[in-house]
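Inside the fold
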Amino acid sequence: PGVERVVQTLAASPHRARVIAVDTEGNRETAQAAAAQLGLTMPIVLDDGSAAAAYQITMIPQTVVIDGGGRVASLMRGSVGEDELLRAIDRVEHP
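Just so you know, the residues in each chain are numbered from 1, in the order the chain's sequence is written. Confidence filtering applies because this is a predicted model: local features only for residues at pLDDT of at least 70, side-chain atom pairs given and counted only at 80 or more, and all residues used for totals across whole chains, interfaces and linings. Hydrogens and water are ignored here; the side-chain numbers use all heavy atoms of the structure.

Digging into helix H2 (residues 28-38)
To be explicit about the condition: Whenever a nitrogen or oxygen atom comes within 3.5 Å of another N or O atom, the pair is scored as a polar contact, on the condition that within protein one atom can donate a hydrogen and the other can accept it, and that pairs from neighbouring residues in sequence are kept only if both atoms are in side chains. Each helix corresponds to a stretch of at least 4 residues labelled H or I by DSSP, and each strand to a stretch of at least 2 residues labelled E; elements are numbered beginning at the N terminus.
The opening residue of H2 is Asn27, an N-cap whose side-chain oxygen sits 3.1 Å from the backbone nitrogen of Glu29. Once H2 ends, the next one or two residues include Gly39, with phi positive near 75 degrees.

Some points on the environment of Ala31
Heads up, the condition is: Only protein chains enter the accessibility calculation, which uses a 1.4 Å probe; a residue whose area is less than 20% of its type maximum is buried, one above 50% is exposed, and one in between is partly exposed. In what follows, residue pairs with any heavy atoms lying within 4.5 Å of each other are defined as contacts.
Positionally, Ala31 belongs in helix H2. On the accessibility criterion, Ala31 (9% relative accessible area) is buried. Taking C-alpha positions, Ala31 is 7.6 Å from Ile44, a pair spaced 13 residues apart along the chain. In this structure, Ala31 is in contact with Asp23, Ile44 and Leu46, ignoring residues within four places of it in sequence.

Description of the layout of surface pockets
Basically, it comes down to this: The distinction between a cavity and a pocket rests on a 1 Å grid over the protein atoms alone: a 1.4 Å probe fits inside a cavity but cannot get out, while a pocket stays open yet meets protein on both sides within 12 Å along at least five of seven lines, and a residue with an atom within 4 Å of a point counts as lining. Grid points are joined across faces, edges and corners, and a volume is the space filled by probe spheres set on the points. Under the convention adopted here, Pro, Cys and the residues Ala, Val, Leu, Ile, Met, Phe, Trp and Tyr are nonpolar, Asp, Glu, Lys and Arg are charged, and Gly plus all remaining residues are polar.
Estimates place the volume of the largest pocket at around 1,500 Å³. For the largest pocket, the lining is made up of 46 residues, of which Ile20, Ala21, Val22, Gln62 and Thr63 are closest to its centre. Among the elements of the structure, helix H1 (2-12), strand S1 (21-23), H2, strand S2 (44-46), helix H3 (50-54), strand S3 (62-66) and helix H4 (82-93) are those that each provide at least two residues to the lining of the largest pocket. A per-class count over the lining of the largest pocket returns 29 nonpolar, nine polar and eight charged.

Some words on the packing of H1 against H4
Filter applied, for reference: Every axis in this analysis is a line fitted to C-alpha atoms, fitted for helices over the stretch in contact. Angles between the N-to-C directions lie between 0 and 180 degrees. Angle categories: roughly parallel below 35 degrees, roughly antiparallel above 145, roughly perpendicular from 65 to 115, and oblique for all the rest. Handedness of each helix crossing follows the sense of rotation of the near helix against the far helix: counterclockwise by less than a right angle gives left-handed, clockwise gives right-handed.
Here H1 crosses H4 at 40 degrees, and the two axes come no closer than 9 Å. Considered as vectors, H1 and H4 are oriented oblique to each other. The way H1 lies across H4 gives a crossing that is right-handed. On the side of H1, the interface is formed by Gly2, Val3, Arg5, Val6, Thr9 and Leu10, while H4 contributes Glu82, Leu85, Leu86 and Ile89. Of the residues in the contact of H1 with H4, the class split is six nonpolar, two polar and two charged.

As for H1
Here is the rule we go by: The arc in question is traced by the directions running from the helix axis to the C-beta atoms.
All of the buried residues along H1 are Glu4, Val6, Val7 and Leu10. All buried residues of H1 lie within an arc of 155 degrees about the axis, which places them on one face of the element.

Observations concerning the side chain of Glu93
Basically, it comes down to this: By the counting scheme adopted, Arg and Lys are positive, Glu and Asp are negative, and His together with the chain ends is not counted. Take a side-chain nitrogen of Lys or Arg and a carboxyl oxygen of Asp or Glu: if they are within 4 Å of each other, that pair is a salt bridge.
With respect to the helices, strands and loops of the structure, Glu93 is situated in helix H4. Buried within the structure, Glu93 lacks any salt-bridge partner; Arg16 is the closest side chain of opposite charge, at an N-O distance of 5.1 Å. From its side chain, Glu93 meets the backbone nitrogen of Arg16 in a polar contact 2.7 Å long. Not counting residues within four places of it along the chain, the set of residues in contact with Glu93 comprises His15, Arg16 and Ala17.

All quantities given are derived from atomic positions and should not be read as evidence of function.
Here it is in structure tokens:
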């Protein structure tokens, strides 16, 4: 998937940004199986509902770009393309 290519792009060049997947269903085995099937290398955390509430996650997929101060810099609902995600990250890293 495109998000994995973004992870690889960030790892290959000097970026401060990191990509973390959040599983909102709270099932570690299912999340790990899906990540393996998709070839995802990013960390996956399980949400007990508090992250979804804090960042107003109302649908899946949803991408939240958080700046260094912990503030939401960009909120994208639905599928996000690689270029769009990289642009959002760049706006946070180079305001």
